[in-house]
Amino acid sequence: MLQAYQHLFLGHAPRWYKLTILGFLVLNPLVMLLGGAHGATVAAWLILLEFIFTLAMALKCYPLQPGGLLAVQAVLLGLTHPDSVYQHTLTAFPIILLLIFMVAGIFFLKEMLVFCFTKLLLKVRSNLLLAFLFCLVPAVLAAFLDALTVLAVVITVAMGFYEVYHKVASGKTQLDPHDSSADEHVGELHRSDLDAFRAVLRGLLMHAGAGTVLGGVTTPVGQPQNVLIAEQADWNFMEFFLQVAPVALPVFVVGIVTCLVIEQMKWFGYGTRLPDAVHHVLESYDREQQARRTPRDVAILVVQAITAVILILALAFHLAEVGLVGLLVIVLATAFTGVTEEQRIGKAFEAALPFTALIVVFFVIVAQIHDQHLFEPVVSWALHQSGDVRAALFYLASGVLSAVSDNVFVATIYITEVKAAVLEGAITAQEFGRLAVAINTGTNIPSIATPNGQAALLFLLTSAVAPLIRLSYGRMVWMALPYTVTLTLSGLWAVLYVL
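Quick caveat: nothing in here was measured; it's all calculated off a predicted structure.

A word on the packing of helix H9 (residues 147-169) against helix H13 (residues 276-292). One can describe the packing of H9 onto H13 by two numbers: an axis separation of 10 Å at closest approach and a directional angle of 105°. Comparing their axes, H13 and H9 come out roughly perpendicular. Listed contacts from H13 to Phe-161, Val-164, Tyr-165 and Val-168 of H9 are Ala-277, Val-278, Val-281, Leu-282 and Tyr-285. Broken down by class, the residue content of the contact of H9 with H13 amounts to 9 nonpolar, no polar and no charged.

Here it is, written out as structure tokens:
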């Protein structure tokens with residue numbers, strides 16, 4: 001029975017990983033008991049770092065289970081309370097709605113999206129131009145939609161590309177059932193091309209992720225925390241854009257230049273050319289699809305295209321919460337394409353719900369940070385600095401904290417403290433505006449450093465496509481590094497000298 005439990009605990013995760021998690025669970029209460037007056041604070045910091053470790057090892061074991069055990073322990077140790085967790089979850093309910101319904105809605109637009117991006121991939125043979133487009137298009141879309149929604153679209157497309165080629169490389173036809181995660185049937189002639197194709201998809205996805213950061217910072221609908229900051233500052237859509245533009249626009253230019261440079265120089269894992277064999281397979285697939293396309297298939301593409309236009313308009317004009325718009329997409333895209341069976345509809349939710357559960361577990365850690373006041377000393381210190389450097393410190397501090405926790409949570413804490421300061425007369429309304437911009441750009445730009453800093457990047461890390469293309473936590477951090485450095489420094493320069 002003991003051996004059975006050893007095998008069952010965390011499933012197929014390596015033995016060293018299982019022992020590490022058990023070590024964490026034993027260490028935390030010991031630290032709390034023996035740490036005296038600071039025991040709770042030290043234990044809370046340990047649990048935060050341990051949770052980040054589970055995210056970093058996402059390819060060894062999905063973070064929901066080990067992270068969930070740490071979250072349960074945080075509650076049992078009294079580092080946070082279920083009511084506090086519930087309040088933080090309630091605050092982030094729009095994000096949960098978005099994950100449940102929008103990601104599922106994008107699933108029902110898959111054929112149209114793969115059709116459009118296949119044409120793009122096949123027509124554009126220049127690495128540089130393709131990288132530029134995969135950075136620019138998500139950036140523009142993220143300014144009017146939501147960064148996570150945009151990246152979910154690109155992930156769906158990348159998954160479609162990968163499945164098409166992997167099936168052919170395994171010696172099967174497009175009509176055969178196939179497991180894209182198994183490489184044992186991939187012929188030797190295809191293995192090098194498959195590795196190169198994985199590198200191409202990794203580069204395009206990371207360029208797209210950087211693009212969502214560049215565009216998402218510019219408008220109140222681009223990121224969840226932007227809405228909160230806009231409400232506290234009482235800025236409408238155009239006011240928000242104009243206030244943030246002195247920082248966001250220089251960063252946007254630097255981001256595009258960074259994309260082109262690292263792609264051209266083949267640095268940090270970028271610059272791999274799409275193999276001719278893969279291009280041939282995708283081209284053949286596209287021709288086969290066109291030849292087999294029936295009036296019914298064309299009708300489905302038309303319905304999905306119309307639904308996509310409705311989606312863009314609804315989000316651009318913020319007609320409803322993003323998640324509710326996603327539910328609208330599900331209704332329209334299924335009702336008019338004949339998808340009415342429960343099993344077919346349920347498949348769309350398979351990708352989103354594990355990540356939704358992980359996000360709620362993450363809010364336990366966020367609640368712990370709040371209840372133990374882990375970040376308050378940094379906020380208080382930055383607020384009491386002189387006016388000339390205060391905005392820059394807020395930018396850097398919010399960026400660093402966002403990279404290790406959650407940018408929505410950090411923005412909530414910072415903007416609340418700054419709002420209280422202006423109401424008390426400690427700072428002027430003009431200084432409040434500068435600090436609001438610094439907080440917005442700080443929580444959006446430097447947080448690209450780690451997947452846990454951005455919900456969209458965390459979704460990419462835990463998506464089905466990440467293990468297929470070998471996109472681990474460490475590789476994401478490495479590939480994001482050039483963007484982290486150039487975007488953070490250009491943003492800091494703009495906050496100091498342009499804002």
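From this point, the discussion proceeds with the structure in view.
Our next topic: the layout of surface pockets. Size it by volume and the second largest pocket reaches roughly 420 Å³. The wall of the second largest pocket is formed by 23 residues, among which Pro-94, Ile-95, Pro-224, Gln-225 and Val-227 lie closest to the centre. The biggest single contributor to the lining of the second largest pocket is helix H11 (residues 224-233), with 5 residues. Looking at side-chain class alone, the lining of the second largest pocket contains 15 nonpolar, 5 polar and 3 charged residues.

Now for empty space enclosed by the protein. Tallied over the entire structure, the rule returns 4 cavities of 30 Å³ or more. Taken as a whole, the largest cavity spans an internal volume of roughly 140 Å³. Considering the residues around the largest cavity, the lining is formed by 17 residues, among which Asn-127, Leu-130, Val-200, Glu-263 and Thr-272 are closest to the centre. Taken together, the residues that form the lining of the largest cavity break down as 9 nonpolar, 6 polar and 2 charged.

In globular proteins that are soluble, nonpolar side chains generally tend to be buried together. The biggest cluster of nonpolar side chains holds 165 residues, and the ones touching the most others in it are Leu-109, Phe-394, Tyr-414, Leu-460 and Tyr-483. The element best represented in this core is H9, accounting for 15 residues. Discounting chain neighbours no more than four positions away, the residues touching Leu-109 are Gln-304, Thr-307, Ala-308, Leu-311, Val-329 and Ala-333.

So, how was this worked out
- Residues numbered from 1 in each chain as written.
- Predicted model: local features only at pLDDT ≥ 70, side-chain atom pairs only at ≥ 80, totals over all residues.
- Heavy atoms only, no water.
- Axes fitted to C-alpha atoms, helices over the stretch in contact; angles between N-to-C directions.
- Helix = DSSP H or I, 4+ residues; strand = E, 2+ residues; numbered from the N terminus.
- Parallel < 35°, antiparallel > 145°, perpendicular 65-115°, else oblique.
- Contact = heavy atoms within 4.5 Å.
- Nonpolar A, V, L, I, M, F, W, Y, C, P; charged D, E, K, R; others polar.
- 1 Å grid on protein atoms, 1.4 Å probe; cavity = no way out; pocket = protein on both sides within 12 Å on 5 of 7 lines; lining within 4 Å.
- Points joined across faces, edges and corners; volume = space filled by probe spheres on them.
- Core = buried A, V, L, I, M, F, W, Y, C linked by side-chain atoms within 4.5 Å.
- Buried < 20%, exposed > 50% of the residue type's maximum accessible area, 1.4 Å probe, protein only.

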